[in-house]
Amino acid sequence: MISLNNKALLEMPITDFIISSDKVAHVQSGNSAEHGLLVLTKTGYSSIPVLDVKYRLQGLLSAKMITEAILGLERIEYDKLANLKVEEVMEREVVYLKVTDSFQRALDLVINHAFLCVVDEAGTFVGIMTRRIILKQLKKYIYTQIHS
Ligand code: AMP
């Protein structure tokens, strides 16, 4: 059995692993759903953060949320896209991390989320932490323990 210094790993701050906001594709809540779909399609991301004009986290947007909102009985009503706002279709119940949170909280939450938004004390969006980053960090840590 591998003996890990679990405490050190779990209590590690998350700050070093955040993808900073300037590198994160996002939309604003007042944008049209059409713009949202464009950003999602062009970036290829399944879901992106929704922010307000002051860069505060408002929710998450995915292509599924948009298509569900314009789904008619027999066809997808694309003509509705331009008049539909991101805030009308986004998911508002978002699980997020605070910059002061530990690696343990991030680890617990990424089991059910491919990425997590990170906010500062004022609620301003600072970036995201992805499941990929957390797994990479975990792998590095385990390999270091095995070879030490
Ligand atoms: P990845 O771990 O790179 O596969 O990313 C997992 C998910 O995190 C993506 O599908 C997106 O929803 C989100 N994500 C990752 N990187 C970015 C980014 N730079 N901008 C916006 N969303 C991102």
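Below you will find a few notes about this structure.

Each value, and the rule that gives it
- Residues numbered from 1 in each chain as written.
- Predicted model: local features only at pLDDT ≥ 70, side-chain atom pairs only at ≥ 80, totals over all residues.
- Heavy atoms only, no water.
- Helix = DSSP H or I, 4+ residues; strand = E, 2+ residues; numbered from the N terminus.
- Buried < 20%, exposed > 50% of the residue type's maximum accessible area, 1.4 Å probe, protein only.
- Areas by Shrake-Rupley, 256 points an atom, 1.4 Å probe, with all protein chains shown as cover.
- Lys, Arg positive; Asp, Glu negative; His and termini not counted.
- Charge placed at Lys NZ, Arg CZ, Asp CG, Glu CD.
- Salt bridge = Lys/Arg side-chain N within 4 Å of Asp/Glu carboxyl O.
- Arc of directions from axis to C-beta.
- Pairing = 2+ DSSP bridges.
- Near = heavy atom within 4 Å.
- Polar contact = N/O pair within 3.5 Å; in protein donor to acceptor, adjacent residues only side chain to side chain.
- Nonpolar A, V, L, I, M, F, W, Y, C, P; charged D, E, K, R; others polar.

**Brief notes about the overall build of the protein chain**
Thinking step 1. Each helix and strand in the protein chain was counted, giving 6 helices and 7 strands.
Thinking step 2. With respect to the principal axes defined by its C-alpha atoms, the protein chain has extents near 60 × 35 × 25 Å.
Thinking step 3. The burial tally for the protein chain puts 38% of its 148 residues in the buried class.
Thinking step 4. For the protein chain, the exposed surface amounts to about 9400 Å²; the carbon and sulfur share of it is 53%.
Thinking step 5. When the 17 basic and 17 acidic side-chain charges of the protein chain are each reduced to a single mean position, those positions are 6 Å apart.

**A short note on the pattern of salt bridges**
Thinking step 1. Scanning all chains against the criterion turns up 5 salt bridges.
Thinking step 2. One salt bridge connects Lys80 with Glu77, and the closest N-O pair in it is separated by 2.8 Å.
Thinking step 3. Taking the shortest distance from any N to any O, the salt bridge between Arg105 and Asp101 comes out at 3.0 Å.

**Digging into helix 2 (residues 33-43)**
Thinking step 1. Among the residues making up helix 2, those that are buried are Ala33, Gly36, Leu37, Val39 and Leu40. Buried residues of helix 2, seen end-on, are gathered within an arc of 160 degrees and therefore sit on one face of the element. The outward face of helix 2, more than 90 degrees from its buried face, is lined by the exposed residues Leu38, Thr41 and Lys42.
Thinking step 2. Directly after helix 2, the chain includes Gly44, whose backbone phi takes a positive value near 80 degrees.

**Details of the sheet that holds strand 4 (residues 57-62)**
Thinking step 1. Spatial strand order, 2-3-4: 3 strands in an open sheet with mixed pairing. A strand with exactly one partner marks an edge of an open sheet, and here the two such strands are strand 2 (27-28) and strand 4.
Thinking step 2. With 2 bridges joining them, strand 2 and strand 3 (residues 47-51) adopt parallel strand pairing. Each bridged residue has a counterpart across the sheet, and for Val27 the counterpart in strand 3 is Val50.

**Things to note about the site of the ligand**
Thinking step 1. Taken together, the neighbourhood of the ligand is formed by Lys23, Val24, Ala25, Tyr45, Ser46, Ser47, Ile48, Phe115, Ile128, Thr130 and Arg132.
Thinking step 2. Between the ligand and the protein, one listed contact pairs a nitrogen atom with a backbone N or O atom of Ala25 at 2.9 Å.
Thinking step 3. Here the ligand loses 82% of its free accessible area of 480 Å² to cover by the protein chains.
Thinking step 4. Listed by contribution, the elements that provide at least two residues to the shell around the ligand are strand 3 and strand 7 (125-130).
Thinking step 5. For the shell around the ligand, the residue count by class is 6 nonpolar, 3 polar and 2 charged.

**Side note on the environment of Glu121**
Thinking step 1. Considering the arrangement of structural elements, one finds Glu121 in the loop between strand 6 (115-119) and strand 7.
Thinking step 2. Since its relative accessible area comes to 71%, Glu121 is described here as exposed.
Thinking step 3. Separated by 106 residues in the primary sequence, Glu121 and Thr15 have C-alpha atoms spaced 13 Å apart.

Functional significance is not addressed by these values, which are geometric in nature.
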